[in-house]
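What the coordinates show
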Amino acid sequence: MGKFIYVFGHQNPDTDSICSAIAYAHLKSSLGYDNVVAARLGAISRETNFALEKFGAREPRLITHIKPQVSDMKFYKVQPIYTVDSVKKAWDVMSANGRPMAPVLYPNHKLAGVITISDIAKAYIGLTDNTVLREKKTPFVNIPAVLDGKVITGEYVDPYVKGDVYTIASLNYGEELNPEDIVMTGNNKQLIEMAIGTNAGCVIVTGVDMDDPKVCIPENTDCAIIYVPHKFFKAVKVISQSIPVASLIKKADVTFFEIDDTIDEVKEVMLDSQYRHFPVINKEGEVEGIISKRHILDIQKKKVILVDHNERAQSALGIEQAEILEIVDHHRVANLDTQIPVFLRAEPVGCTCTIIAKMYQEANIMPPREIAGLMLSAILSDTLVFKSPTCTEEDKKIAKRLAKIAEVDLEAYGEELISVGGALDKLSPKEILEGDCKSFIFGDYKAMVSQVNTTSLRSLESVKVGVIYEMERTIERENVDLAILIVTDILLGGSQILAVGPAKVLAESAFGIEPDKDSIYLDGVCSRKKQIVPQLTMAAQNK
């Protein structure tokens, strides 16, 4: 499965942003595009949630940023090495992969530590202590695996090595050992009988032709017998490599990265680290692979499609590091730079979903009831049930068609939808401000402009004090110069404009707010796009 293509609207998404993302992702999938996913950059408003529940749609997945992450790197996949595996297996894996480091996993696939070539080199010195396999709690099966051997007969007393390892040359004739001990001998009848006579739990016979073994094993032998193809001295040297990697791994101060870490975070850690390779783990803590410093230069940018916005300040954090494929919008074309040519469709209509509904028609695709209902909800919301000055005849025509597909009464559903989102006394001041909030730059000033629709402007009075306080907090928290709230009464066809901040003078100039007042009612003003933002832009230019 390839990487996802995320479709999303602006921050603090309104109904158009959410429904546009869902509808356009569905259209792209219907046209045969793979892995196109609807996303959102903020919380769902009451109005939007009502529309989603009305038509049985799920809310898009939340993404907090679009910055490149570890998951966007082409990191190395690794053959798993577990704590019980032999040091030789770890060496073989690293040699085969050409990596100087390998993560070591617990049986549940989670990271136990790391092992390096230099760590393993210490185990290649040879068997200097006959107690090492016992002390390192070596699985018995590691011995034939490391020596390329095979258990021919008998069974060792325990899954782990419990005794010491001897060579036949180090024993005296007739000497007896413990039943947990292991003896190594060459392929010689007399030496084999001597080794078995020690009562050791395992005898390793070296120098055996594994395809045509010619070994004399006495009858009634009870101990485990292992045939090994290597010569005696090589087997003695290599057997120490059967100790588990758990005894050599670094557990403390292991630097690893999670699959969701951003490249900026990775760079910062890598630059301060003496190591060149690092394990990567997923959300479950399981190891996915290894990354090195060179992977920072080979990053797959996230692919995105923008709907209902085209300004950097309104888009996802890190949008400048993403690959923008398409933009579908009904706002002015602003300051969003793209590194490659993109598909841009911007039309002067009242809602982005109007454009997307037209694209369904152009592709001869009938949207299902769920999608038609969502697009209708967006049009009704953005056009204030056709009362906004941004509304066009095309919005009305498309909405009528969608209402038939969605099987709803156009006017009745519109009033129901707007009334849900417009009950100001049922919303917190924070919800009122963040439900549909956009960032703008007016000359030298940064502003946050929010809009909320209501069917009763009088309900603003009960929450106004709290709203003004929250606007003042927004000024400080977001470090902006001006916070504006547009409370639009769709029945009256006008808006109460609230303005707070050091640059309030812009609102005073644009809308006639008196210096000692914080708001003004403007009859006939309903559109942020056509009647608010242009006035503020002009006020900034004339300042």
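Residues numbered from 1 in each chain as written. Predicted model: local features only at pLDDT ≥ 70, side-chain atom pairs only at ≥ 80, totals over all residues. Heavy atoms only, no water.

This part covers the sheet that holds strand E11 (residues 257-258). Judged by pairing direction, the sheet is mixed, and its three strands sit side by side in the order E11-E12-E13 without closing on themselves. Two strands bound the open sheet, and with one partner strand each, they are E11 and strand E13 (287-292). As defined by bridge partners, strand E12 (residues 277-281) adjoins E13 across five bridges and the pair is classed as antiparallel. Residue pairing in the sheet places Ile281 in a bridge with Val287 of E13. (Pairing = 2+ DSSP bridges. Helix = DSSP H or I, 4+ residues; strand = E, 2+ residues; numbered from the N terminus.)

Our next topic: helix H12 (residues 393-406). Look at H12: 20 Å from first C-alpha to last across 14 residues, which is about the 20 Å you get at 1.5 Å a residue. Those residues of H12 lying buried are Asp395, Ile398, Ala399, Leu402, Ala403, Ile405 and Ala406. The arc enclosing the buried residues of H12, seen along the axis, measures out at 155°, which places them on a common side. Every exposed residue of H12 that faces more than 90 degrees away from the buried side is listed here: Glu393, Lys397, Lys400 and Lys404. At the exit of H12 stands Glu407, carrying a positive phi of roughly 60°. (Expected span 1.5 Å × (residues − 1). Buried < 20%, exposed > 50% of the residue type's maximum accessible area, 1.4 Å probe, protein only. Arc of directions from axis to C-beta.)

Tallying each qualifying case throughout the model produces seven aromatic pairs. Ring geometry for Phe140 versus Tyr156: centroids 4.5 Å apart, planes at 5°, classification stacked. Note that Phe140 is positioned in the loop between helix H5 (132-135) and helix H6 (142-146) and Tyr156 in the loop between strand E6 (150-153) and strand E7 (165-167), a separation of 16 residues in sequence. Side by side, Phe140 and Tyr156 carry an identical accessibility label, which is buried. (Phe/Tyr/Trp six-rings, centres within 6.5 Å; stacked < 30°, edge-to-face > 60°.)

So, on to the environment of Asn479. Mapped onto the fold, Asn479 is located in the loop between helix H15 (464-478) and strand E19 (482-489). Considered as a pair, Asn479 and Ile192 are 287 residues apart in the sequence and their alpha carbons are 84 Å apart. The contacts of Asn479, once residues within four sequence positions are left out, are Lys446 and Thr474. (Contact = heavy atoms within 4.5 Å.)

Positionally, Ser71 belongs in the loop between strand E3 (61-62) and helix H3 (87-97). Separated by 228 residues in the primary sequence, Ser71 and Ile299 have C-alpha atoms spaced 9.2 Å apart. Setting aside residues up to four positions removed in sequence, Ser71 forms contacts with Lys3, Ile259 and Lys302.

Our next topic: the sheet that holds E19. Strand order in the open sheet made by the five strands is E17-E18-E19-E20-E21, with mixed pairing throughout. Of all the strands in the sheet, the pair left with one neighbour each is strand E17 (437-442) and strand E21 (519-523). Between one strand axis and the next, the sheet turns through 25° on average, direction left out of account. Direction of pairing for strand E20 (residues 494-500) relative to E21: antiparallel, over a ladder of five bridges. Paired with Leu498 across the two strands is Ser519, which belongs to E21. Contacting strand E18 (445-454), E19, E20 and E21, H15 runs over the sheet at an angle of about 50° to E20. (Axes fitted to C-alpha atoms, helices over the stretch in contact; angles between N-to-C directions.)

Let us now look at the side chain of Ser86. Its place among the elements puts Ser86 in the loop between E3 and H3. We classify Ser86 as buried; its relative accessible area is 7%. If we ignore the near neighbours within four places in the chain, the residues touching Ser86 are Asn142, Val146, Gln241, Ser242, Ile243, Pro244 and Val245.

So, on to the layout of surface pockets. With a probe scaled to a water molecule rolled over the atoms, the places where space remains empty come into view. There is about 630 Å³ of room inside the second largest pocket. When the residues that make up the lining of the second largest pocket are grouped by side-chain class, the tally is eight nonpolar, six polar and nine charged. (1 Å grid on protein atoms, 1.4 Å probe; cavity = no way out; pocket = protein on both sides within 12 Å on 5 of 7 lines; lining within 4 Å. Points joined across faces, edges and corners; volume = space filled by probe spheres on them. Nonpolar A, V, L, I, M, F, W, Y, C, P; charged D, E, K, R; others polar.)

Evaluated as defined, the whole model comprises 25 salt bridges. Residues Asp92 and Lys88 are paired through a salt bridge, measuring 3.0 Å at the closest nitrogen-oxygen approach. Highlighted residues: Asp92 and Lys88, both in helix H3, separated by four residues, approximately one helical turn. Since its relative accessible area comes to 18%, Lys88 is described here as buried. The partner of Arg477 in a salt bridge is Glu478, and the shortest N-O contact between them spans 3.7 Å. Looking at Arg477, the relative accessible area reads 38%, which means it is partly exposed. (Salt bridge = Lys/Arg side-chain N within 4 Å of Asp/Glu carboxyl O.)

Moving on, we get to the confidence of the model for the protein chain. When the pLDDT values of the protein chain are averaged, the result is 90; 97% of them are 70 or greater. At the level of individual helices and strands, the protein chain shows its lowest average pLDDT in helix H4 (residues 117-121), which scores 78, and its highest in helix H10 (residues 352-362), which scores 98. (pLDDT = per-residue confidence, 0-100.)

Judged by which residues are buried, strand E9 (residues 202-205) turns out to be covered on both faces: Cys202 and Ile204 on one side and Val203 and Val205 on the other are all buried. Bridge count between strand E8 (residues 182-185) and E9: four bridges; the pairing is parallel. Residue pairing across strands places Val183 opposite Val203, the latter belonging to E9. In the classification by handedness, the crossover that spans E8, the intervening helix H7 (residues 189-196) and the parallel E9 is right-handed. Examined bridge by bridge, E9 and strand E10 (residues 224-227) share four bridges and lie parallel to one another. By the bridge assignment, Val205 is partnered in E10 with Tyr227. (Right-handed = clockwise from strand over helix to strand, strands pointing away.)

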